[in-house]
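Observations on the three-dimensional arrangement
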Amino acid sequence: MRKYSKLDLTSITNHNRINVFNCILEGKTINRSVIAKKVGLSIPAVMSITDDLIEKSIIYAVGKGESHGGKRPEMLSVVPDRFFFIGVDVGRTSVRVVVMNNCRDVVYKASKPTESVEPDDLIGQITEMTMDGIKEAKVPNDKIVGVGVAMPGLIERGTGRVLFSPNFGWRDVPLQDKLKACLPFNVLVENANRALTVGEINNMQLKPTSCVIGVNLAYGIGSAVVLPNGLYYGASGTSGEIGHIIVENHGAYCSCGNYGCIESIASGDAIARQARIAIDNKIQTSIAEKCGGDLKKLDAKMVFDAAKEGDSLAQSLVKKAADYIGKGLAIAINMLDPEQIILCGGLTLNGEFFIDMIKKAVSKYQMNHAGRNVQIVVGKSGLYATAIGGAWIVVNNIDFLSDN
Ligand SMILES: [Zn+2]
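What comes next is a walk through the structure. Since the model is a prediction, treat every value here as computed from it, not as a measurement.

What about the overall build of the protein?
- Per the secondary structure count, the protein includes 14 helices and 16 strands.
- Computed over the C-alpha atoms, the radius of gyration of the protein is 23 Å, within 12% of the 22 Å expected from 2.2 N^0.38 for a compact globule of 404 residues.
- Projected onto its principal axes, the C-alpha coordinates of the protein cover approximately 80 × 50 × 40 Å.
- Long-range contacts, defined here as pairs at least 24 residues apart, represent 60% of the contacts in the protein between residues at least 6 apart.

Laid out in structure tokens, this is it:
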């Protein structure tokens, strides 16, 4: 028989505690014998864990449930306001903050335009919006487990250092350390696409059995790969850069320094840029009216709105974007054969027609018979999905159940 070291036993105890807690969270109101069956533990083992969680006010006894022959069992639920998790989405156009409670409900959310891309200014904005959110949600500091900050770009795993963020023009910014110096909480900085994907998977209650890919179609384009045991980072932590697959050899300049990346053609920023160039070249389009003639105000949503109304320039830009996104997804499907691709981000909120175009492009480019089981779905968390994902990064990476 294998002998377990003290460390092994601690991690098994923690693992069991997390499973029991998650079972109560999913069941909403549940008794100990159902928990024991679901998590595969003995009733005494479940009792020892639940007694401890009750003592720490993490769960509570709601009352008696229905009897199935014997005594009426005691029903257990999660205490919603025992812990809180903060999520921040640092977007190029908006900064969004959410406060999530112990039942994983969002109890506060707020969004403000990104005031500056200068690191210290932006850190100031993140700090202020986080502290305002906590104040408005009336959450005491000692109940906050941590702040999960979702940041676009290459993030060094473990240190939360931004190695390179093309959208912000940042190189080597120790964002996690700087935020830790400003906020009285644990701070974790994670790549925005990874946070978003983790959030969607949890909100959709998916349990990957092979591979799930989340794709963020927004100001930029990125993705994250999730395997059954969690996020896949790759050998140097840079996996998921689907937006920087080069699809046009002499294409437009991309913020990453290359030319012809999918992001340089199909991202929200690229769609708006191509519309501006077309208007500058005197091409007739209703997009010009939508921005009141001020090209600085022109954004991707105006192009999508014009496409829906039948504007031919807008339609061709949207179709081209969908085609290149489909090409990128087909490459990912051929490589990884995922069970699910979750499309998220602002561009997916422009209507079913865009999603249908992407799906058609995927079937056009994907290899025959490859990825037969893949389902392409749209994320469910809307505009705050990335911020919610930031909060989930805290849930998944800080052991709040045994520390308290
Ligand atoms: Zn690129």
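Further notes follow.
Details of the packing of helix α4 (residues 119-136) against helix α5 (residues 175-182)
- The geometry of α4 relative to α5 is characterised by a closest axis approach of 10 Å and an angle of 50° between their N-to-C directions. Relative to α5, α4 is oriented oblique. The hand of the α4/α5 crossing is right-handed. Taken together, the residues of α5 that come into contact with α4 (itself represented by Ile123, Ile126 and Thr127) are Lys178, Leu179 and Cys182.
- Here the residues of the contact of α4 with α5 sort into four nonpolar, one polar and one charged.

Considerations on the sheet that holds strand β5 (residues 94-101)
- On the basis of which strands lie adjacent, the open sheet formed by five strands has the order β6-β5-β4-β7-β11 and mixed pairing. Taken across any chain shown, the strands that pair with only one partner, and hence form the sheet edges, are β6 (106-113) and β11 (187-191). Put simply, the sheet's adjacent strands are angled 15° from each other on average, direction ignored.
- Bridge analysis of strand β4 (residues 84-90) against strand β7 (residues 144-151) gives six bridges, and the strand direction is parallel. Among the inter-strand pairings, Phe85 is bridged to a residue of β7, identified as Gly146.

With respect to the environment of Ile277
- Topologically, Ile277 is positioned in helix α8 (residues 268-280).
- On the basis of neighbour counts, which here come to 12 C-beta atoms within 10 Å, the residue Ile277 falls in the exposed class.
- Along the primary structure Ile277 and Met151 are separated by 126 residues, whereas in three dimensions their C-alpha atoms are 29 Å apart.

A short note on the sheet that holds strand β2 (residues 59-64)
- The antiparallel open sheet is built from three strands, whose spatial order is β1-β3-β2. Among the strands making up the open sheet, the edge pair consists of β1 (30-31) and β2.
- In terms of strand pairing, β1 meets strand β3 (residues 74-78) through two bridges, oriented antiparallel. Paired with Asn31 across the two strands is Met75, which belongs to β3.
- Seen against the sheet, helix α3 (residues 43-55) touches β2 and β3 and runs at an angle of roughly 110° to β2.

Things to note about the environment of Asn31
- Topologically, Asn31 is positioned in strand β1.
- Residue classification places Asn31 among the buried positions, given that 22 C-beta atoms sit within 10 Å.
- Along the backbone, Asn31 and Glu115 are 84 residues apart, and their C-alpha atoms lie at a distance of 49 Å.
- Not counting chain neighbours up to four residues away, the residues in contact with Asn31 comprise Gly65, Pro73, Glu74, Met75 and Leu76.

Re helix α10 (residues 300-308)
- Inspection of α10 places Ala300, Met302, Val303, Phe304, Ala306 and Ala307 among the buried residues, and these make up the whole buried set.
- Two residues or fewer past α10, Gly310 is found with a positive phi of approximately 100°.

Focus on the pairing of β4
- Counting buried positions over the seven residues of β4 gives seven, a clear majority of the element.
- Burial of β4 is two-sided: the residues Phe84, Ile86, Val88 and Val90 facing one way and the residues Phe85, Gly87 and Asp89 facing the other way are all buried.
- In this structure, β4 lies alongside β5, joined through seven bridges in antiparallel fashion. Bridge assignment links Asp89 to a residue of β5, and that residue is Arg96.
- Joining the antiparallel neighbours β4 and β5 is a turn of three residues.

Observations concerning the nonpolar core
- The biggest cluster of nonpolar side chains holds 99 residues, and the ones touching the most others in it are Val88, Val149, Val303 and Ile325.
- If one sorts the elements of this core by residue count, helix α11 (residues 312-336) sits on top with eleven residues.
- Summarising the domain contributions, this core has at least three residues from each of domain 2 (84-200 + 385-397) and domain 3 (209-379).
- Apart from residues lying up to four places away in sequence, Val88 is in contact with Val95, Val97, Ile126, Thr130, Val147, Val149, Ala150, Ala387 and Gly390.
- With 13 residues, the next largest nonpolar core counts Val20, Val46, Ile58 and Leu76 among its residues.

Some words on the pairing of strand β9 (residues 162-165)
- Direction of pairing for strand β8 (residues 154-155) relative to β9: antiparallel, over a ladder of two bridges. The residue bridging Leu154 from the neighbouring strand is Phe164, located in β9.
- Where β8 folds back on β9, the antiparallel hairpin that results is connected by six residues, among which Gly158 adopts a positive phi of roughly 95°.
- As judged from the three bridges shared by β9 and strand β10 (residues 170-173), these two strands associate in the antiparallel manner. Directly across from Val162, in β10, lies its bridge partner Val173.
- Counting the residues that bridge the hairpin from β9 to β10 gives four residues, and of these Gly169 lies at a positive phi of roughly 70°.

With respect to the packing of α8 against α11
- α11 packs onto α8 with a crossing angle of 145° between their chain directions and a minimal axis gap of 10 Å. Judged by the sense of rotation from one axis to the other, the crossing of α8 with α11 is right-handed. Only Leu313, Leu317 and Ala321 of α11 make contact with α8, whose side of the interface consists of Ile271, Gln274, Ala275 and Ala278.
- Each residue belonging to the contact of α8 with α11 can be placed in one class, and the counts come to six nonpolar, one polar and no charged.

Conventions adopted
Residues numbered from 1 in each chain as written. Predicted model: local features only at pLDDT ≥ 70, side-chain atom pairs only at ≥ 80, totals over all residues. Helix = DSSP H or I, 4+ residues; strand = E, 2+ residues; numbered from the N terminus. Rg over C-alpha atoms; globule rule 2.2 N^0.38 Å. Contact = placed C-beta atoms within 7 Å. Axes fitted to C-alpha atoms, helices over the stretch in contact; angles between N-to-C directions. Parallel < 35°, antiparallel > 145°, perpendicular 65-115°, else oblique. Left-handed = near helix turned anticlockwise from the far one by under 90°. Nonpolar A, V, L, I, M, F, W, Y, C, P; charged D, E, K, R; others polar. Pairing = 2+ DSSP bridges. Buried ≥ 20, exposed ≤ 12 C-beta atoms within 10 Å, placed from the backbone. Core = buried A, V, L, I, M, F, W, Y, C linked by C-beta atoms within 7 Å. Domains from an automatic or database assignment.

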